[in-house]
Amino acid sequence: MEDSLKPFVPQYYKIVQDDTDNVQYIQLEDLLGQFENPCVMDCKLGVRTYLEEELLKAKEKPKLRKDMYEKMCQIDPTAPTVEEHQLHGVTKPRYMVWRETISTTSTFGFRIEGVRRSDGFSSKDYKTTRTEAQVREAFAKFVNGFPHVTSLYVKRLQELQTVLTQSRFFVSHEIIGSSLLFVHDGSKASAWMIDFAKTCQIPEDVPPITHDRHWSVGNHEDGYLIGLSNLIKVFNDLSEEEKS
């Protein structure tokens, strides 16, 4: 990708053909290769993780989904309405919107997808991490024992913030369901943009988006910069605490 964002995404090498299963794969740079026993965290950016088209399509022929009702009940048995409990089902649009409200996605513009630390700890149990205190605790545990990395993450994210304003790709696309991958070890730390399966070009009939406004149906805003700013604040706060 010939764009100012190039240093912030994995390098693309080639398409690999697997003749056994007749499947093609994209060969990308191994982002963990330069680290020794790294700690890794995946944070999904943006105020929503679904495309507007997905929501509109689901609303065209809404039907009750028992599987989504059960998922909702597993996380919060009080979330379904009395009627939904009686019917043992929720519609997909209802579930999609609700899912974003139980984490920090709709409020902070990012959510933690998973963490793996060098001490063997691994977890994806962040679905209901939604308060500022919970977020700070999760991030503090991620960087615990590596006091040098918080300032390195702040520097990297601030550089990304600057580059995004210069990127032709970023200006012309809504970034949905994409993540920032944070990686550090005993001597270094970095972060990259990954997962672009739902990234798509902004329709020509839609006014330019800013990436720093909250979403409403039709404006195609993704809130990417909201999440990035809040991530910078989290790491910056941790860095200041370490100094004091």
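The structure this text deals with has already been given above.
In this report, we go over the structure that sits alongside the text. (Residues numbered from 1 in each chain as written. Predicted model: local features only at pLDDT ≥ 70, side-chain atom pairs only at ≥ 80, totals over all residues. Heavy atoms only, no water.)

## Quick word on the packing of helix α1 (residues 52-60) against helix α4 (residues 92-101)
α4 packs onto α1 with a crossing angle of 145° between their chain directions and a minimal axis gap of 8 Å. From α1, Glu54, Leu55, Ala58 and Lys59 reach across to α4, where they touch Lys92, Pro93, Met96 and Val97. Tallied by class, the residues present in the contact of α1 with α4 amount to five nonpolar, no polar and three charged. (Axes fitted to C-alpha atoms, helices over the stretch in contact; angles between N-to-C directions. Helix = DSSP H or I, 4+ residues; strand = E, 2+ residues; numbered from the N terminus. Contact = heavy atoms within 4.5 Å. Nonpolar A, V, L, I, M, F, W, Y, C, P; charged D, E, K, R; others polar.)

## Some points on the nonpolar core
Within the largest apolar cluster, 39 residues are counted, with the highest numbers of intra-cluster contacts made by Phe139, Leu180 and Phe182. The set of elements that each furnish at least two residues to this core consists of β3 (39-45), β6 (110-116), α6 (132-143), α7 (149-164), β9 (179-184), β10 (189-194) and α9 (224-243). Counting residues per element, this core draws most heavily on α9, which supplies eight residues. Setting aside residues up to four positions removed in sequence, Phe182 forms contacts with Cys39, Val40, Met41, Cys43, Phe142, Tyr153, Leu157, Ser190, Ala191, Leu231 and Phe235. Core analysis: the second largest hydrophobic core is formed by nine residues, Met72, Cys73, Val90 and Tyr95 among them. (Core = buried A, V, L, I, M, F, W, Y, C linked by side-chain atoms within 4.5 Å. Buried < 20%, exposed > 50% of the residue type's maximum accessible area, 1.4 Å probe, protein only.)

## Brief notes about the pairing of strand β2 (residues 23-28)
The sheet contact formed by strand β1 (residues 12-18) and β2 spans six bridges and is antiparallel. Bridge pairing in β2 links Gln17 to Gln24. (Pairing = 2+ DSSP bridges.)

## Section: the environment of Pro7
By the secondary structure assignment, Pro7 is in the segment before β1. C-alpha separation for the pair Pro7 and Met193, spaced 186 residues apart in sequence, amounts to 9.6 Å. Contact partners of Pro7, with chain neighbours within four places excluded, come to Arg156 and Trp192.

## Notes on the packing of aromatic side chains
All told, the structure shown has 11 aromatic pairs when counted by the stated rule. Ring geometry for Phe170 versus Tyr224: centroids 5.7 Å apart, planes at 70°, classification edge-to-face. In this pair, Phe170 sits in helix α8 (residues 168-172) while Tyr224 sits in helix α9, placing the two residues 54 residues apart along the sequence. Of the residues examined, Tyr224 reaches a relative accessible area of 0% and is grouped as buried. In textbook terms, an aromatic cluster arises when at least three aromatic residues are bridged by ring pairs, as seen for Phe108, Phe110, Phe139, Phe142, Tyr153, Phe182 and Phe235. (Phe/Tyr/Trp six-rings, centres within 6.5 Å; stacked < 30°, edge-to-face > 60°.)

## Focus on the state of the cysteines
Within this structure, the stated rule accounts for zero disulfides. The thiol of Cys39 is not disulfide-bonded; the next cysteine sulfur, from Cys43, is found 14 Å away. (Disulfide = S-S within 2.5 Å.)

## A look at the sheet that holds β6
Picture the strands of a sheet paired through backbone hydrogen bonds; they go either parallel or antiparallel. Strand order in the open sheet formed by five strands is β7-β6-β3-β9-β10, with antiparallel pairing between adjacent strands. Two strands in the sheet have a free side with no partner beyond their single neighbour: β7 (122-123) and β10. Bridge count for β3 against β9 is six bridges, and the pairing is antiparallel. Bridging from a neighbouring strand, Met41 pairs with Phe182 of β9. Against the sheet, α7 contacts β9 and β10, and its axis sits at roughly 35° relative to β10. Against the sheet, α9 touches β3, β6, β9 and β10, its axis set at about 145° to β3.

## Some words on the packing of α7 against α9
It is the contact of α7 with α9, at a shortest axis distance of 8 Å, that shows an interaxial angle of 155°. Comparing their axes, α9 and α7 come out roughly antiparallel. As α7 runs across α9, the sense of the crossing is left-handed. Every residue of α9 that contacts α7 at Thr150, Ser151, Tyr153, Val154, Leu157, Gln158, Leu160, Gln161 and Leu164 is listed here: Tyr224, Leu225, Leu228, Ser229, Leu231, Ile232, Phe235, Asn236, Leu238, Ser239 and Glu242. Of the residues in the contact of α7 with α9, the class split is 12 nonpolar, seven polar and one charged. (Parallel < 35°, antiparallel > 145°, perpendicular 65-115°, else oblique. Left-handed = near helix turned anticlockwise from the far one by under 90°.)

## Points about the side chain of Ser103
Inspection of the secondary structure assignment puts Ser103 in the loop between α4 and α5 (105-108). Of the residues examined, Ser103 reaches a relative accessible area of 2% and is grouped as buried. Side-chain polar atoms of Ser103 contact the side chain of Thr105, separated by 3.2 Å. Excluding residues that lie within four positions of it along the chain, Ser103 makes contacts with Arg111, Lys127, Thr129 and Arg130. (Polar contact = N/O pair within 3.5 Å; in protein donor to acceptor, adjacent residues only side chain to side chain.)

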